[in-house]
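Summary of the model geometry
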Amino acid sequence: MSSAFQSIAEAIHAAETIAILSHMRPDGDAIGSQLALMLSLRQLGKQVVAWNENGLPDSFRFLRYSELVTMPPPPAEARIFDLAIALDTATRQRLGTTLNAIRSAGYWINIDHHASNPGYGDLNYIDSSAPATGQIIYEFLQSQALPLTQETADALYVAISTDTGSFRYPNTRARTFEIAAHLISAGVNAGELARHLYDSYPKRRILLLGELLRNARFDAEDRVASLSLTRETKDRYQVKPEDIDGLIDSIRAVDTVAVAIFFEELKDGRIRISMRSKDDRIDVSRLCAEFGGGGHALAAGARARGSLGEVSARVLERVINEIGRSI
Ligand code: 5GP
Ligand code: MN
């Protein structure tokens, strides 16, 4: 058993009250990891909350007990915890408003798979070789011989399936399939979860995608593709944040494309940048870091100040330049 897992286990055993946090705009890895760890720690008799800035996206409501993952209470109701555990969150800042709901925490643990994570916890477990934080949580729960209930297995499967693009991205290893096989033995219905995750979108999402694709932009001999989503379009389609997740995959899937970019105008006036690379020579986490963000080599993001037009022009210029130098 790794000694880091042992230290995490000791901190958990010493704590009564535990807050499990994850990043704003949570994806499947964030929600699945939070839910799996929360359910396991509740079985140990701990008082556990699981918070992220946006709460539970509707798209993960099919997971049993997922309603236990919520938005944080307002700052006036901030609480004291023995232990806070951040999952899948590359920077402390991406914990967002959950931080205001924690008056203090005796100890901070930071468990993540982003190489760019600076290690903002008292104890940091960063494994950038893990394709999903859910895979680390699985290894941790196994190391502690914690029971793998059906609900925990489902949550972990969702985390790993979504962060590997349904076992397609290059981060998918033999170990990932071994874990998936074990989760299926524990009762996961892979077909049913895949249907919930990938074949159950609201109609507005496909209509929105149609409009975005009509206005898709291709640069650098079609090696760079980008989509831009304005606030006006979001309002018109009554878009929820989870509707936007994965839209970038449509342009990423074009044969010539090496870098796909999604620009989204946020309510706070900033622009959310989401990037995907299909080429090892283009590390989009480095490109996004230049705009104040980070992430993984092949999937990264940032939030930048400026108008949609300004930010997209600036980012596209930089990416096109990088493509010219590297490919
Ligand atoms: P997505 O494009 O799906 O929002 O995010 C892809 C990856 O980039 C995720 O692993 C996510 O953690 C990271 N990421 C997205 N937005 C930001 C950001 O604003 N800052 C940082 N540091 N990482 C981000
Ligand atoms: Mn992740």
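Residues numbered from 1 in each chain as written. Chains lettered and ligands numbered in written order. Predicted model: local features only at pLDDT ≥ 70, side-chain atom pairs only at ≥ 80, totals over all residues. Heavy atoms only, no water.

1. Topic: the pattern of salt bridges
Convention followed: In what follows, salt bridge is the name for a side-chain nitrogen of Lys or Arg lying within 4 Å of a carboxyl oxygen of Asp or Glu. Secondary structure elements are defined from DSSP: runs of H or I of at least 4 residues count as helices, runs of E of at least 2 residues count as strands, and each element is numbered from the N terminus. For every residue, the accessible area (1.4 Å probe, protein chains only) is compared with the maximum for its type, and the residue is labelled buried under 20%, exposed over 50%, or partly exposed between those bounds.
Applying the stated criterion to the full structure yields 19 salt bridges. Close ionic contact of Lys234 with Glu264 constitutes a salt bridge, the shortest N to O distance being 2.7 Å. Linking Lys234 in helix H8 (residues 231-237) with Glu264 in strand S9 (residues 259-265), this pair joins segments that are 30 residues apart in sequence. Residues Arg270 and Asp268 are paired through a salt bridge, measuring 3.1 Å at the closest nitrogen-oxygen approach. Take Asp268: its relative accessible area is 44%, and that puts it in the partly exposed class.

2. Points about unusual backbone geometry
In this structure, Tyr65 takes a positive phi of about 70 degrees despite not being glycine. Owing to a relative accessible area of 34%, Tyr65 belongs among the partly exposed residues under this scheme. Despite not being glycine, Ala220 shows a phi value in the positive range, around 50 degrees. If you trace the backbone, Ala220 turns up in the loop between strand S7 (217-219) and strand S8 (224-229). Overall, the relative accessible area of 21% leaves Ala220 in the partly exposed class.

3. A look at the pairing of strand S5 (residues 102-112)
To keep it simple, the criterion reads: Strand pairing follows a simple DSSP-based rule, namely that at least 2 bridges must link the two strands.
Here strand S4 (residues 79-87) runs beside S5; their pairing, made up of 8 bridges, is parallel. The residue bridging Leu87 from the neighbouring strand is Ile111, located in S5. With 4 bridges joining them, S5 and strand S6 (residues 123-126) adopt parallel strand pairing. Within S6, the position partnered with Ile111 by the bridge is Tyr125.

4. Here's the deal with the coordination of the manganese ion (ligand 2)
Note on metal geometry: ideal angles are 109.5 degrees for four donors arranged tetrahedrally and 90 or 180 degrees for six donors arranged octahedrally. Stated formally: Coordination shells were defined by N, O and S atoms within 2.8 Å of each metal, extended to 3.2 Å for Na, K and Ca; water is absent from the atom set, which can make sites look incomplete.
Around the manganese ion (ligand 2), the protein contributes the donor atoms Asp29 (OD), Asp88 (OD), His113 (NE2) and Asp163 (OD), which lie 2.1 to 2.3 Å from the metal centre. Look at Asp29 and you get buried, because its relative accessible area is 0%.

5. A word on the domain arrangement of the protein
Our working rule: Annotation comment: domain bounds sourced from an automatic or database domain assignment. Only heavy atoms matter for contacts: two residues are in contact if any of them lie within 4.5 Å across the pair. When two components associate, each loses some accessible surface as probed by a 1.4 Å sphere; the sum of these losses over both components is called the buried area. We define a polar contact as two N or O atoms separated by no more than 3.5 Å, with the added condition that, inside protein, one atom must be a possible hydrogen donor and the other a possible acceptor, whereas residues neighbouring each other in sequence contribute only through side-chain atom pairs. In the scheme used here, Gly and all other residues not listed as nonpolar or charged are polar, with Ala, Val, Leu, Ile, Met, Phe, Trp, Tyr, Cys and Pro taken as nonpolar and Asp, Glu, Lys and Arg as charged.
The assigned domain composition of the protein is domain 1 (2-198) and domain 2 (203-326). On a C-alpha basis, the centroid separation for the pair domain 1 and domain 2 is 26 Å. Taken together, the 12 residues of domain 1 in the interface contact 14 residues of domain 2. With both sides pooled, the region where domain 1 packs onto domain 2 buries about 1,100 Å², and carbon together with sulfur makes up 42% of that total. When residues of domain 1 are sorted by the area they lose upon contact with domain 2, Arg25, Asp58 and Tyr169 head the list and together hold 48% of the total. Linking domain 1 with domain 2 are 2 salt bridges. Lys240 serves as the salt-bridge partner of Asp58, at 2.4 Å between the closest nitrogen and oxygen. Linking domain 1 with domain 2 are 4 residue pairs in polar contact (both at pLDDT 80 or more). Considering only residue class, the side of domain 1 that touches domain 2 consists of 5 nonpolar, 4 polar and 3 charged.

6. Considering the site of ligand 1
Condition: By convention in this text, a residue qualifies as near a molecule or strand provided that one of its non-hydrogen atoms is within 4 Å of it.
What surrounds ligand 1 is a group of 15 residues, the closest being His114, Arg272, Ser274, Arg276 and Ala300. Within the side chain of Arg94, an N or O atom sits 3.4 Å from a nitrogen atom of ligand 1. Within the side chain of Arg276, one N or O atom sits 2.8 Å away from an oxygen atom of ligand 1. Sorting elements by how many residues they give to the shell around ligand 1 places strand S12 (residues 299-305) first, with 5 residues. Residues belonging to the shell around ligand 1 are distributed by class as follows: 3 nonpolar, 8 polar and 4 charged.

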